[in-house]
Structures are given as structure tokens and as C-alpha cells.
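# Residue-level structure breakdown
Here is what each chain is made of, one letter per residue.
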Amino acid sequence: MARVYLYSRFLRLYHWLQALLVMSLLVTGFEVHGTIHWLGFERASDYHRVAAWSLLVLLALAWFWHITTGEWKQYIPSPLDRLLAMVRYYGLGIFKGEPHPFHKDRWHRHNPLQRMAYLSLHILIGPLLWISGLVYIAYPYWQRLGLDGLSLAPVALLHTAGAFLMLAFLCVHLYLALTTSEQTLGFLKGMVTGYEEVDNAQAGDPH
Ligand code: HEM
Ligand code: HEM
């Protein structure tokens, strides 16, 4: 086995802060929605706004980091045959002990399914939440902005749809991140220390 440095310090800090903020936004958001009853509406709404602004600052830093370091290239979708090989592996191969069809290195951290999942998180689910969230937060100023003809209902609906998509992402993400590593909690350890144990044969071969 080789120990490979996959997750830089900034990436880990950003990942865990984002995880914390997104989970608090899910809890407070669903309290505002009326699904959970824990903090009370007023407090949930206040905390939701603080976490939302913090997430926006973090996302701005993260986008800047992805663009300036070239890390964004790690989310470019893979060709269809590699994607299908991963689907086959998770559906069948993994249960038969077949070798993993994808090999990681520092500049190819994500398998084809992760690339797709993380890309849709960054360019679909994330923006759906923060754009609708910003429009929502600006509600008291809609009249001044000439938007008084617009109803709040579709904005709330889009924002809530984004919240459900984020919840679905989190469930699948947790299941895959915590159960599919060959070492017990291997990916979790990697996301904490930065290092992951990779097969020697795989260390130099990105695909
Ligand atoms: C992971 C991110 C987020 C999740 C899961 C989330 C979830 C939710 C949910 C479920 C609601 C209740 C919607 C309703 O029933 O009308 C809500 C309300 C709201 N959200 Fe978010 N949200 C997130 C991010 C944001 C962001 C980034 C902003 C602002 C930039 C924002 C601003 C708001 C506002 C203004 C409300 C209305 C309630 C209030 O006045 O406090 N949210 N959110
Ligand atoms: C909703 C909150 C979360 C979001 C948005 C999120 C997002 C992400 C993203 C984008 C990556 C890829 C990072 C990269 O290599 O570029 C990642 C990796 C990872 N995440 Fe999360 N994460 C969340 C919560 C969590 C939680 C709560 C855990 C564990 C308790 C976790 C464990 C991991 C692990 C182990 C990895 C590395 C292995 C892998 O890529 O599957 N995440 N996460």
C-alpha cells in the first residue's frame, strides 16, 4: 500500500465547515418550513440567516480556490464507458470482490460517479439554494427593486426543492463515503488527515 496526499489543508477545512453549515441550514430550514419543532421559528430563522451568509462567504472562497488552483478540472465529467464501469462495479462487482475500475491519484481524486455527483452539487444544487436564498432574503426590498409583481411562493418552492436535493445528496454521500473504502472508514480518515492508503499498483496509474 502507498500513502498518498489527496486532500489539501484548505480542501479539508472547507469540506468540514461546509458540512457543518449545510447540516445546520437543513435543520433550521426545515424548522422554518414547519417540518421540525426544536428551536422555535424566530430562532431557527435567525440562525438560518447567519449560517446562510457564512456559507456564501465560504463558497466564494472555495470557488476562488478551485479556479485559481486548477482543482475545478477534477470535476470534468468522464467518458460514458468509465461511468458505466463504475455503475456496474457498485451494482455487481463490489459484491463479487472484483477490483475497483478506477484508480486514484492527487489529480484524479474522484471516480466517474463522484465527478458527476460533486459537479451537480457545485453547479446545480448549490446555486439553486443560494440564488433562491438571496432572492428570498431580499423579499422586503422587492418593491424597491421593481419585483412587486412576483409572488414569494415559487421562490420558496425552488428553495425547498433545493433543500430536498441537498438532503438526498447528503444521504447518498454519507453511505458511499463511509462504506465503500477497502479500509474501515478509509475515506473518512483521508478527509481528516489528508492522506489515503492506495494500492501500490494504483498509485501511479490514474485510470
Ligand atoms: C444547504 C443550504 C440551505 C438549505 C438546506 C436551506 C433550506 C431552507 C428551507 C427548507 C427553508 C424553508 C422554506 C419554506 O418553507 O419556505 C429555508 C428558508 C429560507 N432560506 Fe434557506 N437553505 C439553505 C441555504 C440558504 C441560503 C444560502 C440563503 C441565503 C442566501 C437562504 C435563505 C433563506 C431564507 C431567507 C429563508 C426564509 C426563512 C427566513 O426568513 O429565515 N437559505 N431554507
Ligand atoms: C452536506 C454536507 C456535505 C457536503 C456538501 C459534502 C461535499 C463533499 C465534496 C464536494 C467532496 C469531494 C471533495 C473533493 O475531493 O474535491 C466530499 C468528500 C468527502 N466527504 Fe463530504 N460533504 C458533506 C458532508 C460530509 C459528512 C457529514 C461526511 C462524513 C461524516 C463526509 C465525508 C466525506 C469524505 C470521507 C470524503 C472523501 C471521500 C469521497 O470523496 O467520498 N462528508 N464531500
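Every value quoted in this text rests on a predicted model; they were computed, and no experiment measured them.

Conventions adopted
- Residues numbered from 1 in each chain as written.
- Chains lettered and ligands numbered in written order.
- Predicted model: local features only at pLDDT ≥ 70, side-chain atom pairs only at ≥ 80, totals over all residues.
- Heavy atoms only, no water.
- Donors = N, O, S within 2.8 Å, 3.2 Å for Na, K, Ca; no water.
- Tetrahedral: all angles 85-135°; square planar, octahedral: opposite > 155°, others 65-115°.
- Helix = DSSP H or I, 4+ residues; strand = E, 2+ residues; numbered from the N terminus.
- Buried < 20%, exposed > 50% of the residue type's maximum accessible area, 1.4 Å probe, protein only.
- Arc of directions from axis to C-beta.
- Contact = heavy atoms within 4.5 Å.
- Expected span 1.5 Å × (residues − 1).
- Bend = angle between axes of the 7 residues up to and from the residue.
- Polar contact = N/O pair within 3.5 Å; in protein donor to acceptor, adjacent residues only side chain to side chain.

## Looking at the coordination of the iron atom of ligand 1
Around the iron atom of ligand 1, the donor atoms from the protein are His48 (NE2) and His159 (NE2), and they sit 2.0 to 2.1 Å away. Relative to the metal, the six donor atoms surrounding the iron atom of ligand 1 lie at angles of 87 to 179°, and the coordination shape comes out octahedral. Of this pair, His48 sits in helix H2 (residues 41–69) while His159 sits in helix H5 (residues 152–179); the two residues are 111 residues apart in sequence, bridging distant segments of the chain. Under the relative-accessibility criterion, His48 is labelled buried at 19%.

## Side note on helix H6 (residues 186–193)
The complete set of buried residues in H6 reads Gly186, Gly190 and Met191. Within H6, the buried residues cover an arc of 135° as seen down the axis, which keeps them to one side. Residues Lys189 and Val192 are exposed on H6 and point more than 90 degrees away from its buried face. In the core, the buried residues of H6 are packed alongside helix H1 (9–33) and strand S2 (195–198). Phi for Gly194, located one or two positions after H6, is positive at around 100°.

## Thoughts on helix H4 (residues 112–137)
For H4, built from 26 residues, the straight-helix expectation of 38 Å at 1.5 Å per residue is met to within 8% by its first-to-last C-alpha distance of 36 Å. Of all the bends found along H4, the most pronounced is centred on Leu121 and spans about 45°. Buried within H4 we find Pro112, Arg115, Tyr118, Leu121, His122, Ile125, Gly126, Pro127, Leu129, Ser132 and Gly133. On its buried face, H4 sits against H1, H2, helix H3 (80–91) and H5. Residue Asn111 occupies the N-cap position of H4, its side-chain oxygen lying 2.9 Å from the main-chain nitrogen of Leu113.

## Quick word on the environment of Val155
Checked against the element boundaries, Val155 lands in helix H5. Every residue in contact with Val155, bar those within four places of it in the chain, is listed here: Ser132, Val135, Tyr136 and Trp142.

## Notes on the side chain of Arg109
Take Arg109: it is sitting in the loop between H3 and H4. On the basis of relative accessibility, which here comes to 2%, the residue Arg109 falls in the buried class. Here Glu71 takes part through its side chain, which lies 3.2 Å from a polar atom of the side chain of Arg109. Once you skip the residues sitting within four places of it in the chain, Arg109 turns out to touch Leu6, Tyr7, Leu11, Glu71, Gln74, Phe102, Lys104 and Gln114.

## So, unusual backbone geometry
With a phi angle near 50°, Leu185 is a residue other than glycine that sits in the positive phi range. Its location among the elements puts Leu185 in the loop between H5 and H6.

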